[in-house]
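Now for the letters of each chain:
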Amino acid sequence: MHDIKAIRDNPEGFDTGLARRGLAPLSTELLKIDAERRDHMQKLQDAQARRNAASKDIGEAMKAGDKGLAERLKAEMGSIKEFISSGEAVERDINQRLEAALAGIPNIPLDDVPDGKDESGNVEVRRWGKPPGFNYEARQHFDIGEWLGLMDFETAAKISGARFVVMKGQLARLERALAQFMLDLQTGTNGYTEHYVPYLVNDAAVYGTGQLPKFAEDLFKTTDGRWLIPTAEVSLTNLVRERIIDEKDLPLRMTAYTPCFRAEAGAAGRDTRGMIRQHQFSKVEMVSITTPENSRGELERMTGCAESVLQALGLHYRVLRLCTGDMGFGSRMTYDLEVWLPGQNAFREISSCSVCGDFQARRMDARYKPADGKGTRYVHTLNGSGLAVGRTMVAILENYQNADGSVTIPEALRPYMGGVELITRA
RNA sequence: GGAAGGGUGGCCGAGUGGUUUAAGGCACACGCCUGGAACGCGUGCAUACGUGAAAGCGUAUCGAGGGUUCGAAUCCCUCCUCUUCCGCCA
């Protein structure tokens, strides 16, 4: 949610920011509603001030026992009363129009975000590790999983539909092991506090993080009107909704392991085979709540926390700074982590870390009390996956596959796998 | 699902139609006191919007939204939510 005052102060800057996102200028239209709103408010508030003064006089007249004066003053209130009640309705209407207009506008990119139309404009900032280098043609994860007899898309389709999977045995355990491993790393070394959060949330929560009102079709909705979370970001970020936090308690660093549900509308035909793009997947999410001064640095830190998982697992990856055309709705800057998938012979997104500035905080009314004790300011929010469990599993299967079709378990995971070193066909 | 009782500032908590302009306390900030602290004393301390160069002024906000009234934290309606009890239940 954008601050209409900031737009009023610098409409050109706002439109320039929109242009970087490939959007037409909107400031003129917004400021027209804003002017109408302020003009109306002035008239309404004048009327309310007169009413309040008269009410006070009536109260004093009653107290003094002057019924005649009180009745005369009451009679004079008639027309003002009418104006006020219709005026309040008009004010609500204007405010709703302004809010609706603002709610659909994406966040403005930071200055050091590269311009670009789509993912081809993203900039690689670093690479870690090396591809495994097989002396045979690397198989894709679904071939490996199905050959092992532990990954079953057909049965999943029978009971649920496309884009679901059933796993069993050591693969089911690998999913659990990865989640435990990631959580331990983020809560231990990286200092995030583990949370257990709701998977069903209300309209306000999904609005707060920016999925509503524009992206309802990407979500699953329950018959009682709630939403299945598309990421734990929704639940975790909304934990600070309508709160005022002491600056000394910042930053808040929170993590949660949850299932995520995405309708994948508009993704028809993309990644239809395998586990890359599912309606249901699990993810260890990280959310940070910071002061404005610290949010940019926190983005670097958070990205490093996500990277630490891939490094511990020995997976080759690269870090991209997303360009203006590829960033999510609420983001001011995003780093994507792309892991190397030998089976696909390509880097694929496995994590995404974003700083949202006060964009979500304004929608949620999440503020902090600065250390100097004066007033309150909006917090800054950041979110990042640390990491997507299913895609990490894909990466392990493809990077740790052996010529005979078995899969070696990376050392860091073995304690979580009960000491299992190799997954083989039953 | 049924019944009853609640929701007031960062926190606790008073307030049942008109100087409430939301008491009081805690926490916090600043000052005095002190060798330095604690204690004590004093001052300050919600947010949003509008207006103004600023000080200030105005309006709204006591879970949310409607309503009654000249005037609502207070009365009425709807909803949300919490607590307790009953029922059901992993």
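Everything that follows concerns the structure shown earlier in this document.
Note that the coordinates shown come from a computational prediction; the quantities given were computed from them, not determined experimentally.

Caption draft 1: The arrangement of the sheet that holds strand S8 (residues 252-261) in detail. Pairing is mixed across the open sheet formed by 8 strands, whose spatial order is S1-S10-S11-S12-S15-S9-S8-S4. One side of each edge strand has no neighbouring strand; the edge strands of this open sheet are strand S1 (123-128) and strand S4 (193-195). Ignoring which end each strand starts from, the neighbouring axes of this sheet average 25° apart. In the packing of helix H13 (residues 389-399) onto the sheet, contacts are made with S8, strand S9 (280-290), strand S11 (333-341), strand S12 (346-355) and strand S15 (380-388), and the angle to S15 comes to roughly 40°.

Caption draft 2: How the structure looks around the packing of aromatic side chains. Per the counting criterion, the structure on display carries 7 aromatic pairs. With a centroid separation of 5.3 Å and an interplanar angle of 75°, the aromatic rings of Phe215 and Phe329 are classed as edge-to-face. Here Phe215, found in the loop between helix H9 (203-209) and strand S6 (227-228), pairs with Phe329, found in the loop between strand S10 (317-321) and S11; they are 114 residues apart in sequence, far enough to count as distant. Note on Phe215: relative accessible area 29%, which makes it partly exposed. Residue Phe329 is classed as buried on the basis of its relative accessible area of 13%. One residue, Arg363, lies across the ring of Tyr207, its end atom 4.7 Å from the ring centre.

Caption draft 3: Just the sheet that holds strand S14 (residues 377-378), in detail. Strand order across the open sheet formed by 3 strands is S7-S13-S14, with mixed pairing between neighbours. Edge positions in the open sheet fall to strand S7 (244-246) and S14, since each of these has one partner strand only. Where strand S13 (residues 367-369) lies against S14, 2 bridges are found, and the strand directions are antiparallel. Residue pairing in the sheet places Arg367 in a bridge with Tyr378 of S14.

Rules of the game
- Residues numbered from 1 in each chain as written.
- Chains lettered and ligands numbered in written order.
- Predicted model: local features only at pLDDT ≥ 70, side-chain atom pairs only at ≥ 80, totals over all residues.
- Heavy atoms only, no water.
- Pairing = 2+ DSSP bridges.
- Helix = DSSP H or I, 4+ residues; strand = E, 2+ residues; numbered from the N terminus.
- Axes fitted to C-alpha atoms, helices over the stretch in contact; angles between N-to-C directions.
- Contact = heavy atoms within 4.5 Å.
- Phe/Tyr/Trp six-rings, centres within 6.5 Å; stacked < 30°, edge-to-face > 60°.
- Buried < 20%, exposed > 50% of the residue type's maximum accessible area, 1.4 Å probe, protein only.
- Lys NZ or Arg CZ within 6 Å of the ring centre and 35° of its normal.

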